[in-house]
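# Structural features, examined
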Amino acid sequence: VIDPAVMELDHNGVVPTEEITPVSDRTAEQIVERFLDAIGGREAINAIHDMRSEIATDLAGQSVTLTQWYGLNGVYRSVMKASGAVVLEEILDGTRAVRKDPTAADEELFDIDLLDLQMNAHPVQEMYVRNHAERVILAGSTKIGERVMYKVVLMTNAGTNVSDYYDAETGLKVRRVDLKYMYGKSLKVVTDYSDYQPANGVLFPRTLVQTGGPIGNMTMKVTAIEVNKPTAPNFYATGLPPPVFED
């Protein structure tokens, strides 16, 4: 059964199919754990207390940069700039989050937007997958090009479906397919990961190719990663007023 809210058509206007072969000799948890081992292991990942990454891309002729900071206990901050000017900022203090647009009033994030940000607010999301997914399912094996992949489906706390593809030989994650409903339409956002390189003993992809996103297709390059550099006090403070609870 195809859910029309997330149905996607190919360029011929038909529902694309994916050949999936059942896998019975391993579990989704084992595939995720193998990925963690492949990039350096839990001990090395846990040694990353703070991380800053710089991502650069080109969008409609403008140079765009995205700086992301990750801290302990799921705190996160990002700043997006276009041609040097800030166009969007998001801050998560672990519990509450705010989106700042220079052209509009600050917006507190709730529901799906908040849960999605919390799920992605870790340098290595797989470390906390059970905190943010109601179910983690091994759909089976398939192919991307000539390489065999294990497809792991996350049924997230936000009510969305995310599919991650792990290379059967290397254990590395090479693709994420995220089904979203944004701006009044369904989106199938596909992100391919490649060029894994180490930072503080942990491998991170340095090239990300994304299609189907809300702002168009793009190739993103991770130009810098800094690990365990302290941030200023209140760096992850949202500036939101205290919540109001109704009786």
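This report concerns the structure included in the present document. If you're wondering where the values come from, they're calculated on a predicted model, not measured in any experiment. (Residues numbered from 1 in each chain as written. Predicted model: local features only at pLDDT ≥ 70, side-chain atom pairs only at ≥ 80, totals over all residues. Heavy atoms only, no water.)

Applying the stated criterion to the full structure yields 18 salt bridges. With a closest N to O distance of 3.1 Å, Arg147 and Glu169 form a salt bridge. Of this pair, Arg147 sits in strand S8 (residues 147–156) while Glu169 sits in the loop between strand S9 (161–167) and strand S10 (173–182), and the two are 22 residues apart along the sequence. In this structure Arg147 comes out as partly exposed when scored by relative accessible area, which is 37%. Classification of Glu169 as exposed rests on a relative accessible area of 59%. Here the salt bridges share partners, and the residues they tie into one network are Arg52, Glu54 and Glu226. (Salt bridge = Lys/Arg side-chain N within 4 Å of Asp/Glu carboxyl O. Helix = DSSP H or I, 4+ residues; strand = E, 2+ residues; numbered from the N terminus. Buried < 20%, exposed > 50% of the residue type's maximum accessible area, 1.4 Å probe, protein only.)

Our focus in this paragraph is the packing of aromatic side chains. Counted under the stated rule, the structure contains 4 aromatic pairs. A centroid spacing of 5.3 Å and a plane angle of 55° characterise the contact between Tyr70 and Tyr76, whose relative ring orientation is tilted. Three or more aromatic residues joined by ring pairs make a cluster, and in this case those are Trp69, Phe235 and Tyr236. Above the ring of Phe235, the side-chain terminus of Arg77 is found at 4.5 Å from the ring centroid. (Phe/Tyr/Trp six-rings, centres within 6.5 Å; stacked < 30°, edge-to-face > 60°. Lys NZ or Arg CZ within 6 Å of the ring centre and 35° of its normal.)

Glancing now at unusual backbone geometry. Not every positive phi belongs to a glycine, and Asp111 is a case in point at roughly 50°. Structurally, Asp111 can be placed in helix H3 (residues 111–119). Since its relative accessible area comes to 62%, Asp111 is described here as exposed. In the Ramachandran plot, Asn228 falls in the positive-phi region, its phi being about 60° despite a non-glycine side chain. Tracing the backbone through its elements, the reader meets Asn228 in the segment after strand S13 (218–227). Accessibility expressed as a relative area gives 32% for Asn228, which makes it partly exposed.

Attention shifts here to helix H1 (residues 28–39). An α-helical turn contains 3.6 residues, so any two residues separated by three or four positions project in the same direction. In a regular helix each residue adds 1.5 Å, so 12 residues correspond to 16 Å; H1 covers 17 Å between its end C-alpha atoms and thus fits that length. Along H1, the residues classified as buried are Ala28, Ile31, Val32, Phe35, Leu36 and Ile39. Seen end-on, H1 carries its buried residues on one side only, within an arc spanning 145°. Two residues or fewer past H1, Gly40 is found with a positive phi of approximately 145°. (Expected span 1.5 Å × (residues − 1). Arc of directions from axis to C-beta.)

Quick look at the nonpolar core now. Counting 44 residues, the largest nonpolar core has Ile39, Val124, Val152 and Phe204 as its most contacted members. In terms of residue count, the dominant contributor to this core is H1 (6 residues). Setting aside anything within four residues of it in sequence, one finds Phe204 in contact with Ile48, Met51, Pro123, Val124, Asp195, Tyr196, Gln197, Ala199 and Ile225. (Core = buried A, V, L, I, M, F, W, Y, C linked by side-chain atoms within 4.5 Å. Contact = heavy atoms within 4.5 Å.)

Before going further, it helps to examine the environment of Arg135. In this fold, Arg135 is placed in strand S7 (residues 133–144). As for Arg135 and Asn161, which are separated by 26 residues in sequence, their C-alpha atoms are 9.9 Å apart. For Arg135, the contacting residues outside a window of four places in its chain are Arg130, Val153, Leu154 and Met155.

Attention shifts here to the pairing of strand S3 (residues 76–82). Across the 7 residues of S3, 5 count as buried, placing the element largely inside the fold. Sheet topology note: the strand S2 (residues 62–70)/S3 ladder contains 7 bridges and is antiparallel. Note that in S3 the partner of Trp69 across the bridge is Arg77. Looking at chain direction, S3 and strand S4 (residues 85–92) are connected through 7 bridges and run antiparallel. Among the inter-strand pairings, Val79 is bridged to a residue of S4, identified as Glu89. (Pairing = 2+ DSSP bridges.)

Mapped onto the elements, Lys151 comes out in strand S8. A polar atom in the side chain of Lys151 sits 2.7 Å from the side chain of Glu18. Beyond its immediate sequence surroundings of up to four residues, Lys151 is in contact with Glu18, Ile20, Ile137, Leu138, Ala139, Gly140, Ser163, Asp164 and Tyr165. (Polar contact = N/O pair within 3.5 Å; in protein donor to acceptor, adjacent residues only side chain to side chain.)

Moving on, we get to the side chain of Glu89. Inspection of the secondary structure puts Glu89 in strand S4. A polar side-chain atom of Glu89 sits 2.6 Å from a polar atom in the side chain of Arg77. Leaving out residues up to four positions away in the same chain, Glu89 has contacts with Arg77, Ser78, Val79, Val98, Arg99 and Lys100.

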